[in-house]
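Structural features, examined
As a plain string of letters, each chain reads:
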Amino acid sequence: MRQSSLVVVAMRLPIDDDVARDGACEWRRSPGGLVNALHPILQHTPTTWIGWTGSTGPAPQLPDLDSVRLHAVPLSEEEFAEHYEGFANSTLWPLYHDAVEQPVYHRKWFQTYRQVNERFAEAADACAEPGATVWVQDYHLQLVPGLLRERRPDLRIGFFMHVPFPPPELFVQLPRRAELLAGMLGADLVGFQREQAAHNFAQLATKVLGARATDRRIELADGHLVRIGAFPVSIDMAELAALAQRPEVAARATQIRHDLGDPRRVILAVDRLDYTKGIEQRLKAYSELIAGGHVKVHDTVMVQVAVPSRERVAQYRILRDRVEREVGRINGEFSRVGEPAVHYLNRPFDRAELAALYRVADIMAVTPLRDGMNLVAKEYVATRFDHTGALVLSEFAGAAAEFDRAYLVNPHDLDGLKGALIRAIEADPADVAERMRAMRAHLAEHDIHAWLHRYLTALDTGETLVAHLKR
Ligand code: ADQ
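Residues numbered from 1 in each chain as written. Predicted model: local features only at pLDDT ≥ 70, side-chain atom pairs only at ≥ 80, totals over all residues. Heavy atoms only, no water.

1. Examining the packing of helix α10 (residues 279-291) against helix α14 (residues 414-426)
Across the interface, α10 lies against α14 with an axial gap of 9 Å and an inter-helix angle of 65 degrees. Between α10 and α14, the crossing angle belongs to the class labelled roughly perpendicular. As for the relative orientation of α10 and α14, their crossing is right-handed in sense. Along the contact surface, α10 presents Q281, R282, K284, A285, E288 and L289, while α14 presents L414, L417, K418, L421 and I422. Across the contact of α10 with α14, the residue classes tally to six nonpolar, one polar and four charged. (Axes fitted to C-alpha atoms, helices over the stretch in contact; angles between N-to-C directions. Helix = DSSP H or I, 4+ residues; strand = E, 2+ residues; numbered from the N terminus. Parallel < 35°, antiparallel > 145°, perpendicular 65-115°, else oblique. Left-handed = near helix turned anticlockwise from the far one by under 90°. Contact = heavy atoms within 4.5 Å. Nonpolar A, V, L, I, M, F, W, Y, C, P; charged D, E, K, R; others polar.)

Structure follows, in structure tokens:
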């Protein structure tokens, strides 16, 4: 086994897997994410990425990816059902998103969750050289920092939560709440998307474990000190901006607009098909705008991209049926021949096609009911190099803490949602440009390279790791 001085531990390996069981399009798999940002480190630091391929059965031997060593962790069919679809995505995911769907509790699922977390911790132990830095990602692997610290007190361990971390009133529902908190507290640094999440975590450490905690640090009974804080994740703005400016992407954008009937305005939404994303509320708001005569189908069209996700989980199948029924209802009621009111696209696209779509969007509607960050909002801003385009953004997306110049909205308030869409549709172009400029300036300063630098600096990995990073 080759040992590395930096080990990233994430549920998924950073590879595109066409046969992925859940059909999900998660950030970990997007080629422009964390792996690219790690690039400047890789020439100097042997790095291993530990994760699952997306297929059940024995783990394959994988070739290095851009000099990152890939270490696949196997999952059996039963583990996939009980850890990934079960405890991670039917218990923790809904609970962490304000319980917008009822979390499901099964004792057996937690046992399997722990078993899979143990396997990831064993793999990290095997791949980490003495004194290495291990960076664990997200809610699928919350027990790994604790399990790993027991085995390897010599390691520097970071944990980052990509999804929201809920207020104590919700978290305390969890039957195994103390174990889950203690698992995260095995890390030296626990990072969240928003300050509020760090605050919730500190309160829980006090309430459930009796630790001494502030919003910056938690001191455990055994003297172990854990630093906590907000590290809002980001995207590679420069890369996406460059892609959006390519002539073939511009040509494709013109073609898409033409295919849409050259409408005066295009409203775009791009989501994983998930009940946290507020897709139904958004469609309803749009249909009420048509019904109320605020928008006319031939001059304002809506494009809803919704990539299938976690399709074997019942709540996701039910959502898909409901969304498709609503799209059918709206189109049945308001479309004219050759002029659908809603263009509904239910499949993944490559980055260039996505960039072309963002270029077409005069209004981008990002209105999740709750979201850790929401990278789509940042991707849209990255592609609007000419400072056009209005972003309608939910207050409940992590991105809202950074984009206070977006048209912010409470997506639970249907009239408020309609009002924000109308404000964005009717906005003065000078106001739109001024808002977009401010958001782009923020994003340029806070891109994925800055995120990585801030996190690794806070984790105190030593000069050798951060010295080579782009800022
Ligand atoms: P997700 O819930 O998956 O991520 P999000 O942040 O919006 O949500 O990222 C979705 C990604 O998928 C984006 O990069 C987007 O471009 C891509 N995508 C969407 N539709 C696509 C399509 N049709 N084809 C191809 N790609 C598509 C979780 C948390 C978020 C948090 C991220 C990162 O739920 O809150 O922002 O992790 O931390």
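2. Examining the sheet that holds strand β9 (residues 225-230)
Ordered in space as β3-β2-β1-β4-β5-β6-β9-β8-β7, the nine strands form an open sheet in which the pairing is mixed. Two strands bound the open sheet, and with one partner strand each, they are β3 (68-72) and β7 (212-213). As paired strands, β7 and strand β8 (residues 217-219) are joined by two bridges and run antiparallel to one another. Bridging across to β8, R212 finds its partner in E219. (Pairing = 2+ DSSP bridges.)

3. Some points on the nonpolar core
Counting 97 residues, the largest nonpolar core has Y96, F120, F165 and F201 as its most contacted members. A total of nine residues in this core trace back to one element, the largest contributor, which is helix α3 (residues 107-127). Both domains that furnish three or more residues to this core are identified here as domain 1 (4-233 + 449-469) and domain 2 (237-445). If near-sequence neighbours (up to four positions away) are discounted, F165 is found in contact with Y96, F171, L181, M184, F192, A197, N200, F201 and L204. In this structure, F231, L243, A356 and V381 belong to the second largest nonpolar core, which totals 68 residues. (Core = buried A, V, L, I, M, F, W, Y, C linked by side-chain atoms within 4.5 Å. Buried < 20%, exposed > 50% of the residue type's maximum accessible area, 1.4 Å probe, protein only. Domains from an automatic or database assignment.)

4. Notes on the domain arrangement of the chain
Examined at the domain level, the chain breaks down into domain 1 (4-233 + 449-469) and domain 2 (237-445). On a C-alpha basis, the centres of domain 1 and domain 2 stand 30 Å from each other. Counting residues at the interface gives 32 residues for domain 1, matched by 28 residues for domain 2. Of the roughly 2400 Å² buried where domain 1 meets domain 2, counting both sides, 53% is carbon and sulfur surface. Together, W93, E101 and R194 form the three largest contributors to the area buried by domain 1 at its contact with domain 2, with a combined 24%. Here R370 ties to D98 by a salt bridge, and the two come within 3.1 Å at their closest N and O atoms. Between the two partners, domain 1 and domain 2, sit eleven residue pairs in polar contact (both at pLDDT 80 or more). Among the residues making up the side of domain 1 that touches domain 2, the classes are represented as 15 nonpolar, nine polar and eight charged. (Buried area = accessible area lost by both parts, 1.4 Å probe. Salt bridge = Lys/Arg side-chain N within 4 Å of Asp/Glu carboxyl O. Polar contact = N/O pair within 3.5 Å; in protein donor to acceptor, adjacent residues only side chain to side chain.)

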